[in-house]
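Each chain, letter by letter, is given below.
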Amino acid sequence: MVQILLVDDESYVTESLAATIPWETLGIERVHQAASALAAVDVLEAYDIDILVTDIRMPGMTGLELIVEVNERWPHIRCLLLTGYADFEYAKKAIQLKAFDYILKPVDDEEFMKCVSAAIDSLKEEWEAFDKVHQLQYSRRTDFGVLRTHLMHDLVLGRHLSIQIIEDKLSQYEIMLRTGQRASMLLIQLGKHFSDMDYHSISLIEYAIGNIAEEVFAPDFYVWHCKAPHDCLIVLIEENWNLISDRSIDEQNHILRATIDNFRKNVSNYLKGEIYVTVTGWFMFPQELPKVYQSAIRSLYWNQQEETDTLLFIEEQPEQSHNSAKLLEGLYVHPTLTHLLESRQWEEAEAKINRVFGKIEEAGYTREHLYELFITVTSAFMYTAHKQGRFITQMDQTGFDPLHAQKMVQSFSNLKEWIFLMMNKLKSEWSESEQSAKSYVVKQVQELISQDKGQELSVKTIADQVYLHPVYLSKIYKAETGEGLGDYIIRMRMERALYLLKYSNKKIYEITTELGYQNPQYFSKMFKKHYGMTPHEFRDQ
């Protein structure tokens, strides 16, 4: 929300605007008034003003002089000038001083609202640009491997991202894959030879497998590899755009199969162990990625349990006699389970899962149905946990152990009990995480204010330092402490002033400057408001 300051030495002008303009419709949170430019400076120092509307001719300090000071001290503020026809030369000067716009007197409400709306739009564009810059800086500072993994998880678990956002992230993270192109997926599970290794050794093996994939699949394919949300590796490959125009589909499939064989041989030769590999058919990236991943992970787990082959091409598997999609179609209709969990609609999520369990129990089910249910639900759990900055294995390690999972999906009652147990854990974790995050923000804010050394300190400058929007930060602080953030800033300064007046020999004007106030009269007024006496009266008592 936005705060606006109206300045005119003819108070009826500002009072009329304050009373007649539908400020909430414009998105204005609070309207301040001042009868002089000097009084306006006091307001600007006390509040986080976004838009200034000022008259030109005022005693003591003109509107143009006020704009000059605002440009120097608060360059983010949009300045609008109230001017009559006789003052048009002043209006041109204001434009040179980078005033946002001017409004002719007598003020027409519709024209006034148009100017203010344009200023608000300009502010929002600046805020959005600021957020993009911070996001880009954060992305650059963070390890590319982590960012690539997070993006892959978002895509395979079904998070809705616009094509533009996906393309931007692919470019930022230097991933060569392009949207709208044919891709294929390899899911890789380590074989028995690696089962006795510790976590660190397994991580090195997985890193080596990814590097081998990059080397073997180039130059015919572009590769993106990382740890999958479930306990396996994912290698996403896309045809090299510069080569596919000269090749038929059959030729491309032949090259893919030969490359996969070479990849498996290299892993076996260099790492001395077998891997289970499940290969999908070609699909459109990224639109079909979540559906293909769900199918591939079911096939991988099933194939590893049955130990039929270490290499499985999903397209070559025979159709099952039962119709899994129809029996479990309740999982996929909107609102999806992921959406319900993300929006914290816990009761609706429980009801959805109960309906699915009821339907498969009534119609009869196979172990593959339970596998599909397990994979789909755990994908939603993982996505929800990742939104909280947590890994699902931190909440329950055994449920995501492949051997334990295989036993669990053999029992209808065990699977149902575990799913609802995990949902309760997610609900509890979300509540604790949300509360903890808010408490941490409050602590950060209070530390910043306690370290104030007379610099410009406002809700906006603090919000910038904790990377939150000023309005959202104010709401969090008020909800957590019961006190407005602006009121807290002033109270801390007044307490500091009281201490300095009592225990130091500093002059009152020195204390005024140290606390960040430019106007001694305004400081005296704020002190009297808090303690019922002026700073001079306090020292003289």
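The model shown is predicted, which means the values in this text are computed figures rather than measured ones.

The rules behind the values
Residues numbered from 1 in each chain as written. Predicted model: local features only at pLDDT ≥ 70, side-chain atom pairs only at ≥ 80, totals over all residues. Heavy atoms only, no water. Salt bridge = Lys/Arg side-chain N within 4 Å of Asp/Glu carboxyl O. Buried < 20%, exposed > 50% of the residue type's maximum accessible area, 1.4 Å probe, protein only. Helix = DSSP H or I, 4+ residues; strand = E, 2+ residues; numbered from the N terminus. Pairing = 2+ DSSP bridges. Right-handed = clockwise from strand over helix to strand, strands pointing away. Contact = heavy atoms within 4.5 Å. Phe/Tyr/Trp six-rings, centres within 6.5 Å; stacked < 30°, edge-to-face > 60°. Polar contact = N/O pair within 3.5 Å; in protein donor to acceptor, adjacent residues only side chain to side chain. Patch = residues over 30% accessible without salt bridge, like charges linked within 9 Å, V, L, I, M, F, W, Y side chains within 5 Å. Areas by Shrake-Rupley, 256 points an atom, 1.4 Å probe, with all protein chains shown as cover. Lys, Arg positive; Asp, Glu negative; His and termini not counted. Charge placed at Lys NZ, Arg CZ, Asp CG, Glu CD. pLDDT = per-residue confidence, 0-100. Axes fitted to C-alpha atoms, helices over the stretch in contact; angles between N-to-C directions. Parallel < 35°, antiparallel > 145°, perpendicular 65-115°, else oblique. Left-handed = near helix turned anticlockwise from the far one by under 90°. Nonpolar A, V, L, I, M, F, W, Y, C, P; charged D, E, K, R; others polar. Core = buried A, V, L, I, M, F, W, Y, C linked by side-chain atoms within 4.5 Å. Disulfide = S-S within 2.5 Å.

## A few points about the pattern of salt bridges
Taken as a whole and judged by the stated rule, the model has 9 salt bridges. A salt bridge links Arg-491 to Glu-483; the nearest nitrogen and oxygen atoms lie 2.8 Å apart. By relative accessible area, which is 29% here, Arg-491 ends up partly exposed. Its salt-bridge partner being Glu-495, residue Arg-491 comes within 3.1 Å of it at the nearest N-O pair. Taken as a pair, Arg-491 and Glu-495 lie in helix 20 (residues 485-503) at a separation of 4 residues, close to a single helical turn. A cluster of three or more residues bridged by salt bridges with shared partners is formed by Glu-45, Glu-69 and Arg-73.

## Details of the pairing of strand 3 (residues 51-55)
Here is the key point about a regular strand: its side chains alternate between the two faces of the sheet. In terms of residue burial, strand 3 counts as a mostly covered element, since 5 of its 5 residues are buried. Covered by surrounding structure in strand 3 are Ile-51, Val-53 and Asp-55 together with Leu-52 and Thr-54, the residues of both alternating faces. As paired strands, strand 1 (residues 2-7) and strand 3 are joined by 4 bridges and run parallel to one another. When the sheet's bridge partners are listed, Leu-5 is paired in strand 3 with Leu-52. For strand 3 and strand 4 (residues 78-83), the ladder comprises 5 bridges, and the chain directions are parallel. In the sheet register, Asp-55 faces strand 4, and the bridge partner there is Leu-82. Taken together, strand 3, helix 4 (residues 63-73) and strand 4 form a β-α-β motif whose crossover is right-handed.

## Observations concerning the environment of Ile-4
By secondary structure assignment, the location of Ile-4 is in strand 1. Residue classification places Ile-4 among the buried residues on the basis of a relative accessible area of 0%. Between the alpha carbons of Ile-4 and Cys-79 there is a distance of 9.9 Å; along the sequence they are 75 residues apart. Discounting chain neighbours no more than four positions away, the residues touching Ile-4 are Trp-23, Ile-28, Arg-30, Val-31, His-32, Ile-49, Ile-51, Val-53 and Val-116.

## What to know about the packing of aromatic side chains
A full pass over the atoms with the stated rule returns 14 aromatic pairs. Their ring planes at 85° and their centres at 5.2 Å tell us that Phe-357 and Phe-412 sit as a pair that is edge-to-face. Residue Phe-357 is found in helix 14 (residues 346-363), and its partner Phe-412 is found in helix 17 (residues 412-450); the two are separated by 55 residues along the sequence. Residue Phe-357 shares its accessibility class with Phe-412, and that shared class is buried.

## Section: the side chain of Thr-378
Among the secondary structure elements, Thr-378 is positioned in helix 15 (residues 367-387). You can call Thr-378 buried: its relative accessible area is 0%. From its side chain, Thr-378 meets the backbone oxygen of Ile-375 in a polar contact 3.0 Å long.

## Concerning a negative patch on the surface
On the surface, Asp-108, Asp-109, Glu-110 and Glu-111 cluster together into a negatively charged patch. Residue position: Asp-108 is located in the loop between strand 5 (101-104) and helix 6 (109-141). Overall, the relative accessible area of 41% leaves Asp-108 in the partly exposed class.

## A few points about the confidence of the model for the protein
In this model, the protein carries an average pLDDT of 82, and 85% of its residues clear a pLDDT of 70 or more. The low-confidence segment residues 320-325 (pLDDT under 50) makes 7 contacts with residues lying over four places distant or belonging to another chain.

## Points about helix 3 (residues 37-46)
Of all the 10 residues making up helix 3, 7 are buried; the element is thus mostly covered by neighbouring parts of the structure. Within helix 3, the full set of buried residues consists of Ala-37, Ala-40, Val-41, Asp-42, Val-43, Leu-44 and Glu-45. On its buried side, helix 3 packs onto strand 1, strand 2 (28-34), helix 4 and helix 22 (520-531).

## Examining the packing of helix 3 against helix 4
Running from N to C, helix 3 and helix 4 point in directions that differ by 20°, and their axes come no closer than 10 Å. As far as their axial angle goes, helix 4 and helix 3 are roughly parallel. Helix 4 is crossed by helix 3, and the crossing has right-handed handedness. In this structure, helix 3 uses Ala-37, Ala-40, Val-41, Leu-44 and Glu-45 to contact helix 4, whose residues at the interface are Leu-66, Glu-69, Val-70 and Arg-73. Taken together, the residues of the contact of helix 3 with helix 4 break down into 6 nonpolar, no polar and 3 charged.

## A short note on unusual backbone geometry
With omega at 5°, the peptide bond leading from Ala-218 into Pro-219 counts as cis. The residue Pro-219 is located in the loop between helix 9 (199-217) and strand 7 (221-227) in this model. With an omega of 0°, the peptide bond running from Phe-285 to Pro-286 counts as cis. Within the secondary structure, Pro-286 sits in the loop between strand 10 (283-285) and helix 11 (289-306). Positive phi is not limited to glycine here, since Glu-174 has a value of about 60°. Mapped onto the elements, Glu-174 comes out in the loop between helix 8 (163-172) and strand 6 (181-190). The phi angle at Lys-272 is positive, at roughly 60°, despite the residue not being glycine. Using a relative accessible area of 57% as the deciding quantity, one classes Lys-272 as exposed.

## So, the side chain of Thr-534
Following the sequence through the fold, Thr-534 ends up in the loop between helix 22 and helix 23 (535-540). Leaving out residues up to four positions away in the same chain, Thr-534 has contacts with Ser-524, Phe-527 and Lys-528.

## Details of the nonpolar core
Membership of the largest hydrophobic core comes to 70 residues, with the highest contact counts inside it found for Met-185, Trp-224 and Phe-285. In terms of nonpolar packing, the next biggest core, distinct from the first, is built from 28 residues, Ile-188, Ile-205, Val-223 and Ile-275 among them.

## Focus: the state of the cysteines
Counted according to the given criterion, the structure contains 0 disulfides. The thiol of Cys-232 is not disulfide-bonded; the next cysteine sulfur, from Cys-226, is found 9.7 Å away.

## Quick look at the sheet that holds strand 4
The 5 strands lie next to each other as 2-1-3-4-5, forming an open sheet whose pairing is parallel. Edge strands, defined here as strands with exactly one partner in the open sheet, are strand 2 and strand 5. Sheet twist, expressed as the mean angle between neighbouring strand axes with direction ignored, is 20°. Sheet strands in contact with helix 3 are strand 1 and strand 2, and its direction is about 165° off that of strand 1.

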